Amino acid sequence: LLRRVQTRVIDPLVERLQGGEGSPSVRIRDFLHQQARLANEEPAMLLLPIMASIEFSGTGELPEKRVRWGYQRTAELLTQVLAEGQADGTFRTDIPARQQASLILALNDGVMLEWWRSEPRVVGGDVVNSLYAVLMSGIHTVSVNPDLMELAPARSIEKKLEEQ
């Protein structure tokens, strides 16, 4: 199952964050969008690493190592994108990129758990859009236009960012 998580979650994530097109803001949006799509289509692919990280924590067993590697790899990629955004003045610099990456991972896992627990009361897309709005207003150096807060196609967000 954890190998399948790597194929369905980690590999596409690497492609989106590392080789993805667009500004750092767009790549962060793409990350959240990909996670939301997986949560909707295959929730077990996102819940399994969360549950395994708790269940196998401190055991030194293979599941712990695989899950830890996945989270570390994701944090590294997010940190690179955030550092790029800090360097170009898009993202705030008073909080280190690594700390921001940890916060994004924690928020993402928390939203996934809330979505799962609250079904059908919480609508997935609404939760993800709310997460994106709160996250972007917290990491950007300037106030972000509310039109950018929806998970619109990457091209339209990138265009709007360039227009600001």
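Anything mentioned here points back to the structure above.
Throughout what follows, the structure given in this document is the object of discussion. The structure displayed is predicted, hence computed values, not measured ones.

### Some thoughts on the pattern of salt bridges
As enumerated under the stated definition, the model contains 5 salt bridges in all. With a closest N to O distance of 2.7 Å, Glu-64 and Arg-68 form a salt bridge. Placement of the pair is Glu-64 and Arg-68 together in helix 4 (residues 62-87), with a separation of 4 residues, close to one helical turn. Owing to a relative accessible area of 43%, Arg-68 belongs among the partly exposed residues under this scheme. A salt bridge links Arg-73 to Glu-76, with the nearest nitrogen and oxygen atoms 3.5 Å apart. Here Arg-73 pairs with Glu-76, and both are found in helix 4, just 3 residues apart, close to one helical turn. Owing to a relative accessible area of 42%, Glu-76 belongs among the partly exposed residues under this scheme.

### Describing the environment of Leu-48
Structurally, Leu-48 is set in helix 3 (residues 43-55). Residue class for Leu-48 comes out partly exposed when judged on its relative accessible area of 22%. C-alpha separation for the pair Leu-48 and Val-5, spaced 43 residues apart in sequence, amounts to 8.0 Å.

### Points about the packing of helix 1 (residues 2-18) against helix 2 (residues 24-41)
Look at helix 1 against helix 2: their axes get within 9 Å of each other, and the N-to-C directions meet at 160 degrees. By the angle between their directions, the pair helix 1 and helix 2 is classed as roughly antiparallel. The way helix 1 lies across helix 2 gives a crossing that is right-handed. Here Arg-8, Val-9, Pro-12, Leu-13, Arg-16 and Leu-17 of helix 1 come into contact with helix 2, specifically with Arg-27, Asp-30, Phe-31, Gln-34, Gln-35, Arg-37, Leu-38 and Glu-41. Counted by class, the contact of helix 1 with helix 2 contains 6 nonpolar, 2 polar and 6 charged residues.

Quick notes on the rules
Residues numbered from 1 in each chain as written. Predicted model: local features only at pLDDT ≥ 70, side-chain atom pairs only at ≥ 80, totals over all residues. Heavy atoms only, no water. Salt bridge = Lys/Arg side-chain N within 4 Å of Asp/Glu carboxyl O. Helix = DSSP H or I, 4+ residues; strand = E, 2+ residues; numbered from the N terminus. Buried < 20%, exposed > 50% of the residue type's maximum accessible area, 1.4 Å probe, protein only. Axes fitted to C-alpha atoms, helices over the stretch in contact; angles between N-to-C directions. Parallel < 35°, antiparallel > 145°, perpendicular 65-115°, else oblique. Left-handed = near helix turned anticlockwise from the far one by under 90°. Contact = heavy atoms within 4.5 Å. Nonpolar A, V, L, I, M, F, W, Y, C, P; charged D, E, K, R; others polar.

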